[in-house]
Amino acid sequence: MDERDFDWDNLRLFLAVARAGGLGPAAEQTGKSAPTLGRRMIELERNLGIELFRRRPRGYDLTKDGQALLEKVASIEARVLPVTESSLATAPPLVKISAGTWVTRVLVGAVGKLCGSIPVRLRFISSEDVLKIGHREAAIGIRNHRPEEIGLAGRKIGRVRFAVYAVDESVSTWARVLSNTPSANWLREHSQGHDAIEVTAPQNALDLANAGMARAVLPTFIGNAQRGLKPVSPLIVDLEHDQWLVSHHDDRFLPEVRHVIDRTHAILMEASQNGQLDA
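Computed from a predicted model, the values in this text were never measured in an experiment.

Enquirer: Would you explain the packing of aromatic side chains in this entry?
Expert: One pair of aromatic rings is described through two measures. These are the centre distance and the angle between the planes. In the structure shown here, the tally under the stated rule is 2 aromatic pairs. When the ring of Phe53 is compared with that of Tyr60, the centres are 5.1 Å apart and the planes differ by 55 degrees; the resulting orientation is tilted. Across this residue pair, the class does not change: Phe53 and Tyr60 are buried. Chaining the aromatic ring pairs together yields one cluster made of Phe14, Phe53 and Tyr60. Sitting over the face of the ring of Trp174, Arg215 holds its NZ or CZ atom 5.5 Å from the ring centroid.

Enquirer: I tried to follow the packing of helix H1 (residues 9-20) against helix H2 (residues 23-30) on my own but got confused; where do I start?
Expert: To characterise two packed helices, one gives the angle between the axes of the helices and the distance between these axes. With their axes 8 Å apart at the nearest point, H1 and H2 run at an angle of 130 degrees to one another. If you check the angle between H1 and H2, you find them oblique. Remark: the crossing between H1 and H2 carries right-handed chirality. Here H1 contributes Leu13, Ala16, Val17 and Ala20 to the contact with H2, which in turn contributes Leu23, Pro25, Ala26, Gln29 and Thr30. Each residue belonging to the contact of H1 with H2 can be placed in one class, and the counts come to 7 nonpolar, 2 polar and no charged.

Enquirer: Teacher, can you tell me more about the side chain of Arg215 here?
Expert: As for its placement among the helices and strands, Arg215 is situated in the loop between helix H8 (202-210) and strand E10 (216-219). Glu169 provides the closest opposite charge to the buried, salt-bridge-free Arg215, at an N-O distance of 6.7 Å. Setting aside anything within four residues of it in sequence, one finds Arg215 in contact with Val164, Tyr165, Ala166, Glu169, Val171, Ser172, Thr173, Trp174, Ala175 and Val232.

Conventions and cut-offs
- Residues numbered from 1 in each chain as written.
- Predicted model: local features only at pLDDT ≥ 70, side-chain atom pairs only at ≥ 80, totals over all residues.
- Heavy atoms only, no water.
- Phe/Tyr/Trp six-rings, centres within 6.5 Å; stacked < 30°, edge-to-face > 60°.
- Buried < 20%, exposed > 50% of the residue type's maximum accessible area, 1.4 Å probe, protein only.
- Lys NZ or Arg CZ within 6 Å of the ring centre and 35° of its normal.
- Axes fitted to C-alpha atoms, helices over the stretch in contact; angles between N-to-C directions.
- Helix = DSSP H or I, 4+ residues; strand = E, 2+ residues; numbered from the N terminus.
- Parallel < 35°, antiparallel > 145°, perpendicular 65-115°, else oblique.
- Left-handed = near helix turned anticlockwise from the far one by under 90°.
- Contact = heavy atoms within 4.5 Å.
- Nonpolar A, V, L, I, M, F, W, Y, C, P; charged D, E, K, R; others polar.
- Lys, Arg positive; Asp, Glu negative; His and termini not counted.
- Salt bridge = Lys/Arg side-chain N within 4 Å of Asp/Glu carboxyl O.

If you want it as structure tokens, here you go:
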């Protein structure tokens, strides 16, 4: 079994089911539904390659392998609890938000609204790569398509559109981002034979455009918000896509995650209504 693909949270749920002797009592203790617990136990058995329970009409009995696992996990719990019960455990819960450069820019600008009244620590993971929410690499992700992976939930935000921006139409040099995003690929194809300044970070393309040194392909919610820039091309139809807020099906019911999900959606919808995003 590859540890990178192993969900350690299943061990915590296993402890609850094993000690309670069934899904119903464990559901009351963990806040997870009985079907979710049943699915997670099957997933744990599949990952370990052993049978942990004898499933009976009135409860779950541990097999020999299940009893051995219970002893091992209980031993780990005994070593971990003193750490979690220390002063560090009083820190607000951490919520990780994964998004591309431009959406992260919008959310960071509204960080006060994201926090609100519920104590929470935010970690913004700005990356053009897609993190695996199913593996808990992030609690919330902003994606350009509906989630298809089992166990993920999505909420549509709006439609994202792109155009070329510059201080004026006389600027002919391109700011070419060296990445594998759709906008970077489109630009490489359409700027061949033209002068270009290459950058490795999308933010630097915006910096060059604002300085009057280059034209850049930007989402309209970024380009329209720049006082010194204006669109110098029609909307680029090939780059249009829907935007989705994605989270793990189970984690979205955690109070701190639900709080940040609702506020993230509201912030991006507000940007849409203000004309920064195209709904």
